[in-house]
Amino acid sequence: MESTEASQQPAAPPNPLAPDHGRRVTKEEYWAKWYENPYPNLDVSYEWNNGILEAKPLPNAPQLRQYRWFFTLMTCYIQTHPIAELINLETGVSMTVADPSQPSGKWDVVYKPDIGVVLNDNPAPWGAIELRAFEGVCDMIVEAVSDSSLAEVRRDTQEKKRGYALAGVKEYIILDPADRYMRFYRLTPDQRYADIQPDAAGVIRSQLLPGFQFRRTDLLDLPDLDDLALDETYADYVIPGYSETTARLKAETTARRQAEERNRALQAEIARLRRQRP
């Protein structure tokens, strides 16, 4: 009989919101039953990790706001720089690469990244109407950290990080509105992630997406698009031309107001002269 403290602890009760978390299924079973809406009455989404179902945790309000802000930023970039397509939230990304640390000898997963970027020259096809999953390696992945447990944090910051690097994801971003785990990574030639360092102004620049840049503090403050469009860091891809249009309209308004003031002054002078006539 085992006498360790760990063995005496009761097993964790199943999560009623994700009753199949931890279940072992084949990849074929996952695609057939668990990939999309396994329960019509439960808001649960499963990823598949080397034969194990893993429930994708639900975000809290700050995480959702930060995610939406960054997804909007990326959408603005893709609209002005149509060099890639975006994947988000419930779309599965199936990746299989050699991994000696796994019993099967391979890292075989279907993840649902919060944001995936697929460049137009990516060797795997994406964007066709009939496709419901991406069978390839995203060029960039963004995950909003799940932090309701240390296991979830470890999954995003260690396990997925290791796997994405092994698969060859060129840039990996971890979002975190609490700013405890937020990280920005770039893949090195030896298949490891190195931190993307901000410049002196705190701006993070992507090498994968030319011109895509953002201020780290803005990920916490979440300024409006109108404010970003007037900021030189974002002006080239967030409502491009907005600052010039705003400046032109302001100049036109100023000129019109000055013309109206001159006209009023002229009318006042004409009235004064008329009063002085004998």
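Our subject is the structure listed above.
Residues numbered from 1 in each chain as written. Predicted model: local features only at pLDDT ≥ 70, side-chain atom pairs only at ≥ 80, totals over all residues. Heavy atoms only, no water.

1. Some thoughts on the pattern of salt bridges
Next up, step 1: Going through the model one piece at a time under the given rule, you end up with 17 salt bridges.
Next up, step 2: With a shortest N-O distance of 3.7 Å, Lys112 and Glu90 are connected by a salt bridge. Here the residue Lys112 occupies a position in the loop between strand S5 (106–111) and strand S6 (115–119), and Glu90 occupies one in the loop between strand S3 (84–88) and strand S4 (92–98), the gap between them amounting to 22 residues.
Next up, step 3: According to the relative accessible area criterion, Lys112 is buried, its value standing at 1%.
Next up, step 4: Note on Glu90: relative accessible area 44%, which makes it partly exposed.
Next up, step 5: Counted as one network, the salt bridges with shared partners bring together Glu47, Glu54, Glu143, Arg155 and Lys160. (Salt bridge = Lys/Arg side-chain N within 4 Å of Asp/Glu carboxyl O. Helix = DSSP H or I, 4+ residues; strand = E, 2+ residues; numbered from the N terminus. Buried < 20%, exposed > 50% of the residue type's maximum accessible area, 1.4 Å probe, protein only.)

2. Description of the nonpolar core
Next up, step 1: Phe70, Leu73, Met74, Leu209, Phe212 and Phe214 are the most contacted members of the largest nonpolar core, which has 31 residues in total.
Next up, step 2: Listing elements by their share of this core, those giving two or more residues are helix H3 (61–80), S3, S6, strand S8 (140–144), strand S9 (171–175) and helix H6 (225–229).
Next up, step 3: Broken down by element, the residue count for this core peaks at eight residues, all from H3.
Next up, step 4: In this structure Phe70 touches Ile115, Val142, Ile173, Leu175, Phe212, Phe214 and Leu219, once residues within four positions along its chain are discounted.
Next up, step 5: With 22 residues, the next largest nonpolar core counts Ile87, Trp107, Val118 and Ala124 among its residues. (Core = buried A, V, L, I, M, F, W, Y, C linked by side-chain atoms within 4.5 Å. Contact = heavy atoms within 4.5 Å.)

3. Notes on the side chain of Lys160
Next up, step 1: Within the secondary structure, Lys160 is located in helix H4 (residues 150–167).
Next up, step 2: Given a relative accessible area of 2%, Lys160 falls into the buried group.
Next up, step 3: Side-chain polar atoms of Lys160 contact the side chain of Glu143, separated by 3.3 Å.
Next up, step 4: Apart from residues no more than four positions distant in its own chain, Lys160 is found in contact with Glu47, Tyr111, Glu143, Arg155 and Tyr172. (Polar contact = N/O pair within 3.5 Å; in protein donor to acceptor, adjacent residues only side chain to side chain.)

4. Quick notes on helix H2 (residues 27–34)
Next up, step 1: Of all the residues in H2, the buried ones are Lys27, Tyr30 and Trp34. Along the axis of H2, the buried positions cluster into a sector of 80°, meaning they face one direction only. Those residues of H2 that are exposed and angled more than 90 degrees off the buried face are Glu28, Ala32 and Lys33.
Next up, step 2: In this structure, the buried residues of H2 make contact with strand S1 (46–49), strand S2 (52–55), S4 and S5. (Arc of directions from axis to C-beta.)

5. Here we look at unusual backbone geometry
Next up, step 1: Of note, Asn37 is a non-glycine position whose phi angle comes to about 45°, a positive value.
Next up, step 2: With respect to the secondary-structure elements, Asn37 resides in the loop between H2 and S1.
Next up, step 3: On the accessibility criterion, Asn37 (62% relative accessible area) is exposed.
Next up, step 4: The phi dihedral of Gln191 is positive, around 60°, even though this residue is not glycine.
Next up, step 5: Relative to the helices and strands, Gln191 resides in the loop between strand S10 (183–187) and strand S11 (193–195).
Next up, step 6: Given a relative accessible area of 39%, Gln191 falls into the partly exposed group.

6. Quick word on the sheet that holds S8
Next up, step 1: On the basis of which strands lie adjacent, the open sheet formed by six strands has the order S3-S6-S8-S9-S10-S11 and mixed pairing. Looking at strand neighbours, the two that pair on one side only are S3 and S11, the edges of this open sheet. The sheet shows a mean angle of 20° between the axes of neighbouring strands, direction not considered.
Next up, step 2: Bridge analysis of S10 against S11 gives three bridges, and the strand direction is antiparallel. Within the sheet, the bridge partner assigned to Tyr185 lies in S11 and is Asp195.
Next up, step 3: Along the sheet face, H4 touches S8, S9, S10 and S11 and points at about 165° away from the line of S9. (Pairing = 2+ DSSP bridges. Axes fitted to C-alpha atoms, helices over the stretch in contact; angles between N-to-C directions.)

7. Side note on H4
Next up, step 1: With 18 residues, H4 should cover 26 Å at 1.5 Å per step; its first-to-last C-alpha distance of 24 Å lies within 8% of that length.
Next up, step 2: Most pronounced at Lys160, the bend in H4 amounts to some 35°.
Next up, step 3: Among all positions of H4, only Glu152, Val153, Arg155, Asp156, Thr157, Lys160, Gly163, Tyr164, Ala165 and Ala167 are buried.
Next up, step 4: Positive backbone phi, at 100°, marks Gly168, one or two positions downstream of H4. (Expected span 1.5 Å × (residues − 1). Bend = angle between axes of the 7 residues up to and from the residue.)

These figures come from the coordinates and say nothing about function on their own.
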